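Observations on chain architecture
So the chains spell out like this:
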Amino acid sequence: MTITATTEYEPLTESTAITLAQDLKFFKEGALLHCREIGDGNLNLVFHIRDENNTGIIIKQALPYAKVVGESWPLTLHRATIEGNYLKNAATLVPNLIPKVYYTNEALAITIMEDLSHLEIVRNGFLEGKNFPLLSKHIGEYLAKTLFYTSDFGLNQQDKKKLQQAFTNPELCKITEDLVFTDPFYESETNDYEPELLGSVEEIWNDAELKLEVAKLKYTFLTNGEALLHGDLHTGSIFASEIDTKVIDPEFAFFGPIGFDVGQFFANILLQAITRDDSQRASIISHLYQVWEGFTFTFSDLWKTESVEHFTQTPGYLDFFLKKVFTDAIGFAGCEVIRRTIGLAHVADLDTIQPYKRKISVKQQALLLGQTLIKNAANIRNIQDVESLLKNEIKG
Ligand code: SR1
Ligand code: MG
């Protein structure tokens, strides 16, 4: 069957993706088109179509189920609309840090966007030993601008409430509520860990102090609609090169606590840092320093110069707010580290470690790191404290 821009939903194939691109006149008539499905994420199809001159586009299509599990886990197609709308909003705030969106179609659940194949997924690049020197400066700016301008400090408070309605995203939020904040802390079918980790895993399940802190973090995630979050800002959601950074995949977007986006980024940097020896760790840890410095610098500047909230000039308020974001971020980072180690949807940083014995040992350290971040979030004052924790308490 030939799919066209007006056809009802059906999953694209490499061949119907080409037909759609031609139908929408993305390429000159008669162009020799080549298409490959390159989706390596957990949820969607991603088609890379290019012509004989290597000029390309990306067609991303949501599937009506979670690809990582299969058709037994139905999932709303509306996430494609959320993603398209987030990217359109972000294009007004951080145009250089996201892909250009050329076309969206709600019925087909597709977003057609800029070809980013000259860049590399950051997680993969880190695994190859690349460093992406501007990554954290860019992500700091991305976080500050996207979060400030959609918060009650940077957006008219009536308009914020209206925007919040457009970004209600219950099904995707539930994935995070379950997979990040609940399942890893209980004996749940979604968990996925090596038998050698059972002892460490049971320690987590039996740790009442830890679970109380996770309960508080989950409640913050559920109820604290501070700003429009990306919602899944791990290093697999970022393309980069030496000079460029583009954030992709905002289908989990919703109004939540600012510290969640910051904490997801922290956690995925830490998941890479913990795999490295002392001598190789400084370059990756520098991303933690730079992202927090970049975020606080730009957020503070916007707070002082562009706020719509009367109280922002009140002495102490900015410091109080940034401290809250940092503490939240540390706790959320701890949950993400634990989840990526023993929950559903692991990360290659840990899973590709060899030999097996070392993988188990690093995963045990990751679990310890996650627990420590969660339980000590209120006492961790800055990135230096995080670095000391990693150096002295976790890696010994
Ligand atoms: C069922 S979805 C699993 C994970 O993939 C996405 O990237 C999110 O991180 C989600 O938690
Ligand atoms: Mg994703």
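Residues numbered from 1 in each chain as written. Chains lettered and ligands numbered in written order. Predicted model: local features only at pLDDT ≥ 70, side-chain atom pairs only at ≥ 80, totals over all residues. Heavy atoms only, no water.

**Let's talk about the state of the cysteines**
Two cysteines, two sulfur atoms, one covalent bond between them: this is a disulfide. Note the following rule: In plain terms, two cysteine sulfur atoms within 2.5 Å form what is called a disulfide here. Whether a residue is buried, partly exposed or exposed follows from its accessible area with a 1.4 Å probe, protein chains only, as a fraction of its type maximum: under 20%, in between, or over 50%, in that order.
Scanning the entire structure with this criterion turns up zero disulfides. Lacking any disulfide linkage, Cys 173 is separated from the closest cysteine sulfur, that of Cys 335, by 15 Å. Cys 173 sits in the buried class, given a relative accessible area of 8%.

**Here's the deal with the site of ligand 1**
Using the following cut-off: Here a residue is near a molecule or strand as soon as one of its heavy atoms is found within 4 Å of it. Whenever two N or O atoms come within 3.5 Å, that pair is a polar contact, provided that in protein one can donate a hydrogen and the other can accept it, and provided that, for residues adjacent in sequence, both atoms are side-chain atoms. To be clear on the numbers: accessible area is Shrake-Rupley with a 1.4 Å probe, and residue cover counts the displayed protein chains and nothing else. Helix and strand labels come from DSSP, where a helix needs a run of H or I of at least four residues and a strand needs a run of E of at least two; each type is numbered from the N terminus. These domain limits were set by an automatic method or by a database of domain assignments.
Every residue near ligand 1 is listed here: Asn 42, Leu 43, Val 68, Trp 73, Ile 175, Leu 179, Asp 232, His 234, Phe 252, Arg 339, Arg 340 and Ala 345. The side chain of Arg 340 places a nitrogen or oxygen atom 2.9 Å from an oxygen atom of ligand 1. The fraction of the free accessible surface of ligand 1 (320 Å²) that becomes covered by protein chains is 95%. Elements supplying a minimum of two residues to the shell around ligand 1: helix H6 (170-179) and helix H11 (317-342). Counting the residues that make up the shell around ligand 1, at least three belong to each of domain 1 (14-114) and domain 2 (120-394).

**As for the pairing of strand E7 (residues 110-114)**
What counts, and what does not: Between any two strands, pairing holds if DSSP finds at least two bridges.
Across the five residues of E7, five count as buried, placing the element largely inside the fold. Pairing of strand E3 (residues 56-62) with E7 involves five bridges; the strand directions are antiparallel. By the bridge assignment, Ile 58 is partnered in E7 with Met 113. With four bridges connecting them, strand E6 (residues 101-105) and E7 associate as antiparallel partners. If you follow Asn 105 over to E7, its bridge partner there is Ile 110. Counted along the chain from E6 to the antiparallel partner E7, the turn is four residues long, and its residue Ala 109 has a positive phi close to 55 degrees.

**Side note on the sheet that holds strand E1 (residues 34-37)**
Quick reminder of the rule: Only the contacting stretch of a helix is used when fitting its axis, a line to C-alpha atoms as for every element, and angles between N-to-C directions run 0 to 180 degrees.
Read from one edge of the open sheet, five strands run E1-E2-E3-E7-E6, paired in antiparallel fashion. Here the strands that pair on one side only, and so sit at the sheet edges, are E1 and E6. Across the sheet, the axes of successive neighbouring strands diverge by a mean angle of 20 degrees, strand direction being ignored. The pairing of E1 with strand E2 (residues 44-50) spans four bridges and is classified as antiparallel. Bridge pairing in E2 links Glu 37 to Phe 47.

**Here's the deal with the pairing of strand E5 (residues 70-74)**
Pairing between strand E4 (residues 65-66) and E5: two bridges, direction antiparallel. Within E5, the residue paired with Tyr 65 across the bridge is Pro 74. Connecting the antiparallel pair E4 and E5 is a turn made up of three residues.

**Some words on the domain arrangement of the protein**
Basically, it comes down to this: We call two residues in contact whenever any of their non-hydrogen atoms come within 4.5 Å of each other. Defined here as a combined quantity, buried area equals the accessible surface (1.4 Å probe) lost by two parts on assembly, summed across both. For this analysis, a salt bridge means a side-chain nitrogen from Lys or Arg found within 4 Å of a carboxyl oxygen belonging to Asp or Glu. As a working rule, the residues Ala, Val, Leu, Ile, Met, Phe, Trp, Tyr, Cys and Pro are called nonpolar, Asp, Glu, Lys and Arg charged, and the rest polar, with Gly in that last group.
When cut into domains, the protein gives domain 1 (14-114) and domain 2 (120-394). The interface is formed by 24 residues belonging to domain 1 together with 29 residues belonging to domain 2. When domain 1 packs against domain 2, close to 2300 Å² is buried across both sides, 67% of that on carbon and sulfur atoms. Three residues, Ile 82, Tyr 86 and Leu 97, lead the burial of domain 1 against domain 2; their summed loss comes to 32% of the area buried on that side. When the shortest N-O distance is used, the salt bridge between Asp 249 and Lys 60 registers 2.1 Å. Summed over the shared surface of domain 1 and domain 2, the number is seven residue pairs in polar contact (both at pLDDT 80 or more). The class makeup of the residues in the side of domain 1 that touches domain 2 is 14 nonpolar, six polar and four charged.

**As for the pattern of salt bridges**
Taken as a whole and assessed by the stated rule, the structure comprises 22 salt bridges. The shortest N-O distance in the salt bridge between Glu 251 and Lys 60 comes to 3.9 Å. Placement of Glu 251 in the loop between strand E11 (245-247) and strand E12 (254-256) and of Lys 60 in strand E3 is noted, with a sequence separation of 191 residues between them. One salt bridge connects Asp 207 with Lys 375, and the closest N-O pair in it is separated by 2.7 Å.

**So, helix H7 (residues 198-205)**
The condition that has to hold: Summarising the geometry, the arc corresponds to the directions from the helix axis toward the C-beta atoms.
Those residues of H7 lying buried are Ser 200, Val 201, Ile 204 and Trp 205. All buried residues of H7 fall inside an arc of 145 degrees around its axis, so they share one side. The inward-facing, buried residues of H7 contact helix H8 (208-223), H11 and helix H13 (356-376).

**Comments concerning the environment of Arg 340**
Position of Arg 340 among the secondary structure elements: in helix H11. Exposure remark for Arg 340: the relative accessible area of 4% places this residue in the buried category. Measuring from C-alpha to C-alpha, the distance between Arg 340 and Thr 104 comes to 31 Å, with 236 residues separating the pair along the chain. One polar contact links the side chain of Arg 340 to the main-chain carbonyl oxygen of Ala 345, over a distance of 2.9 Å.

**Concerning the side chain of Arg 123**
Along the chain, Arg 123 falls in helix H3 (residues 122-127). Take Arg 123: its relative accessible area is 7%, and that puts it in the buried class. The contact partners of Arg 123, leaving out residues within four places of it in the chain, are His 234, Thr 235, Gly 236, Asn 268, Val 347, Ala 348 and Asp 349.

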